[in-house]
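# A closer look at the structure
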Amino acid sequence: MKHSCLIWLCLAVPLLAAPPRLVIEAESAVETEAPMVVVTAEQVPAGSAFVPGASGDSYLEIPEKAGNPPKLEKGFARFEFDLPADGDYILWARVWWEGECSNSFTVQIDDQPAFLFGENATYRTWHWVKYPVARITPPLRLEKGPHVLRVSNREDGVRLDQILLSPNKRFVPVGIETPTTTGGGTP
Ligand SMILES: [Ca+2]
């Protein structure tokens with residue numbers, strides 16, 4: 001092997017070893033239950049307003065005043081996806097929160113324990129939020145193959161544009177990401 005080829009191989013192997021990140025449009029969920037709804041400019045929930053700037057000009061929403069647990073347990077979106085490799089993943093979501101009482105979801109992956117997602121203090125703008133936030137909480141250990149992710153109602157007045165799973169703990173999404181797969185349904 002030529003010396004230059006050896007250098008190329010050394011550079012390429014670490015890149016090939018890292019599993020790629022997964023990006024899903026929220027509106028491509030395989031199933032949604034009201035009051036979680038798909039929103040487009042032409043299809044806006046009564047009493048709500050369309051928020052521009054979402055990828056695909058479409059997102060999921062639990063409208064403000066729609067209700068939330070414990071009075072209303074309903075409202076979820078279910079996603080199905082395949083992971084190309086085992087890994088420890090960081091979950092990111094591009095969200096729009098109405099305010100401090102409208103800034104979280106409950107998330108569950110497969111049969112793992114459900115966890116609280118959000119509760120950060122950035123309101124009324126699209127932005128990325130991650131899990132886990134604290135370093136003491138381990139990333140999500142996920143195996144290669146099919147998975148089910150469920151985003152459930154915890155507070156109304158919330159919007160979800162994209163979901164991203166990254167094995168790279170240093171990666172930070174900034175704007176809209178290019179979808180790499182669907183959530184099992186049609187966007
Ligand atoms: Ca979207």
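Below, the structure is looked at part by part.

What counts as what
Residues numbered from 1 in each chain as written. Predicted model: local features only at pLDDT ≥ 70, side-chain atom pairs only at ≥ 80, totals over all residues. Heavy atoms only, no water. Phe/Tyr/Trp six-rings, centres within 6.5 Å; stacked < 30°, edge-to-face > 60°. Buried < 20%, exposed > 50% of the residue type's maximum accessible area, 1.4 Å probe, protein only. Lys NZ or Arg CZ within 6 Å of the ring centre and 35° of its normal. Helix = DSSP H or I, 4+ residues; strand = E, 2+ residues; numbered from the N terminus. Contact = heavy atoms within 4.5 Å. Pairing = 2+ DSSP bridges.

## Overview of the packing of aromatic side chains
The description of an aromatic ring pair rests on the distance of the ring centres and on the angle between the ring planes. According to the stated counting rule, one finds four aromatic pairs in the structure shown. Geometrically, the ring pair formed by Phe 50 and Tyr 59 is stacked, given 5.7 Å between the ring centres and 25° between the ring planes. With a relative accessible area of 0%, Tyr 59 lands in the buried category. Ring geometry for Trp 97 versus Phe 105: centroids 5.6 Å apart, planes at 50°, classification tilted. Residue classification places Phe 105 among the buried residues on the basis of a relative accessible area of 1%. Of the aromatic side chains, those joined through ring pairs into one cluster are Phe 50, Tyr 59 and Trp 126. Its guanidinium or amino end placed over the ring of Phe 171, Arg 21 lies 3.8 Å from that ring's centre, counting from NZ or CZ.

## Regarding the side chain of Arg 159
Note that Arg 159 resides in strand S12 (residues 158–166). Judged by its relative accessible area of 5%, Arg 159 is buried. Setting aside chain neighbours within four positions, we find Arg 159 in contact with Ser 48, Ala 49, Val 51, Tyr 59, Leu 60, Glu 61, Arg 94, Val 95, Trp 96, Glu 98, Phe 105 and Trp 126.

## With respect to the pairing of strand S5 (residues 76–83)
Relative to S5, strand S2 (residues 31–33) is paired through three bridges, and the arrangement is antiparallel. Counterpart to Glu 33 in the pairing with S5 is Phe 76. Bridge count between S5 and strand S11 (residues 145–153): eight bridges; the pairing is antiparallel. Bridge assignment links Arg 78 to a residue of S11, and that residue is Arg 150.

Purely geometric stuff here, so don't read any function into it on its own.
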